[in-house]
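The primary structure of each chain is shown beneath.
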Amino acid sequence: MSKKRIIVGLLLALLLMLAACAPAGDGADLGALDALDLTGERVDASIFKEHKLTMVNIWATYCSPCISEMPALGELNDAYAGQGFQVVGIVTDVLNRDGSISMGQLQQARQIISTTGADYRHLLPSESLDAAKLNAVSAVPETFFVNQAGRQVGPTYVGARDKAAWQAIIEEMLAGDIE
């Protein structure tokens, strides 16, 4: 293989990696949130008001990288709670084609949450979530951060990260101006 092909291949790989962490357009706005959590409780954008920064992690029950990062997300949720931080999950694959809740998938999601210690709030897909973000998700896990008004701050992160990587991102964001 020629040096030119290797260089071109490396450049393409680098561009793809950088694109995965690029901001998603104007960013998500969850200010009109209307959804149910996994317990059936209705939630709205008020879940963001008490927290300076909320990490929103979009995941699926079939996604090994999603599941493997969930223990770290649970630990980070607990570790930074006193600093105005929370994690909120959105499990994407719990609805049937007709929009009804798949009880089997819901039970599987609950089992994953229990097993991984990811005991933060998890939301079911809804029209407002679809309009704000889910319709643009092309891969899971996908993670972004919102401020107290539910507006995205910073980039969207595609792919799983380890605890140390998320910790560095969270600390940088909490130290910055989140508006």
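Our subject in this report is the structure included herewith. Residue positions within a chain follow its written sequence, with the count starting from 1. With the structure being a predicted model, the display of local features is reserved for residues of pLDDT at least 70 and the display and counting of side-chain atom pairs for 80 or more, all residues being used for whole-chain, interface and lining totals. Just so you know, side-chain values use all the structure's heavy atoms and leave hydrogens and water out.

## Some thoughts on the overall build of the protein chain
As a reminder, the rule being used: Going along the chain from the N terminus, every DSSP run of H or I of four or more residues is numbered as a helix, and every run of E of two or more is numbered as a strand. Buried means the residue's accessible area, taken with a 1.4 Å probe over protein chains only, is under 20% of the maximum for its type, while exposed means over 50%, and partly exposed covers the values in between. Areas reported as accessible are Shrake-Rupley estimates using a 1.4 Å probe. Residue values count occlusion only from the protein chains shown.
The helix and strand tally for the protein chain stands at six helices and seven strands. Secondary structure elements of the protein chain occur, N-terminal to C-terminal, as α-β-β-α-β-α-β-α-β-α-β-β-α. Counting only residues that meet the buried cut, the protein chain has 43% of its 179 residues in that class. With the model as given, the accessible surface of the protein chain reaches about 9500 Å², and the carbon-plus-sulfur share is 55%.

## Focus on the sheet that holds strand E3 (residues 53–59)
Selection criterion: Should DSSP find at least two bridges between two strands, the strands are taken to pair. In this analysis an axis means a line fitted to C-alpha atoms, helices contributing only their contacting stretch, and an angle means the value between N-to-C directions, from 0 to 180 degrees.
Across the sheet, which stays open at both edges, the five strands sit in the order E5-E4-E3-E6-E7 with mixed pairing between neighbours. Looking at strand neighbours, the two that pair on one side only are strand E5 (121–123) and strand E7 (152–158), the edges of this open sheet. Strand after strand, the sheet turns through a mean of 20 degrees between neighbouring axes, direction not considered.

## Concerning the state of the cysteines
Short version of the rule: Put simply, a disulfide is two cysteine sulfurs that come within 2.5 Å.
For the structure on display, the rule yields one disulfide. With its sulfur 2.3 Å from that of its partner, Cys63 forms a disulfide with Cys66. For the disulfide bridge between Cys63 and Cys66, the dihedral angle about the S-S bond is near 80 degrees, and by the sign convention the bridge is right-handed. Assessed through its relative accessible area of 0%, Cys66 is described here as buried.

## A short note on the pattern of salt bridges
Selection rule: Whenever Lys or Arg places a side-chain nitrogen within 4 Å of a carboxyl oxygen from Asp or Glu, that contact is recorded as a salt bridge.
For the structure on display, the rule yields five salt bridges. We note a salt bridge from Asp34 to Arg42, for which the minimum N-O separation is 2.8 Å. Accessibility expressed as a relative area gives 38% for Asp34, which makes it partly exposed. Since its relative accessible area comes to 53%, Arg42 is described here as exposed. Between Lys133 and Glu142 there is a salt bridge, with the nearest N and O atoms lying 3.2 Å from each other. Of the two residues, Lys133 and Glu142, neither departs from the other in class, the shared state being buried. Overlapping salt bridges bring together Asp37, Glu41 and Arg121 as one network.

## Section: the packing of aromatic side chains
Formally: The rule is short: rings of Phe, Tyr and Trp, with Trp giving its six-membered ring, pair when the centres are within 6.5 Å, and they are stacked under 30 degrees, edge-to-face over 60, tilted in between.
Scanning the model with the defined rule gives four aromatic pairs in all. A centroid spacing of 6.0 Å and a plane angle of 75 degrees characterise the contact between Tyr80 and Phe85, whose relative ring orientation is edge-to-face. With a centroid separation of 6.3 Å and an interplanar angle of 65 degrees, the aromatic rings of Phe145 and Trp166 are classed as edge-to-face. With Phe145 in strand E6 (residues 142–146) and Trp166 in helix H6 (residues 163–175), the pair connects residues that are 21 residues apart, well separated along the chain. Both residues of the pair, Phe145 and Trp166, count as buried. A network of ring pairs unites the aromatic residues Phe145, Tyr157 and Trp166 as a single cluster.

## Looking at the pairing of strand E4 (residues 85–91)
Of all seven residues making up E4, seven are buried, and the element is well covered by its neighbours. Here E4 shows a buried face lined by Phe85, Val87, Gly89 and Val91 and a second buried face lined by Gln86, Val88 and Ile90. Two strands pair when backbone bridges link them, and E3 and E4 are joined in this way by seven bridges, in the parallel orientation. Paired with Thr54 across the two strands is Gln86, which belongs to E4. Sheet topology note: the E4/E5 ladder contains three bridges and is parallel. Bridge pairing in E5 links Gly89 to His122.

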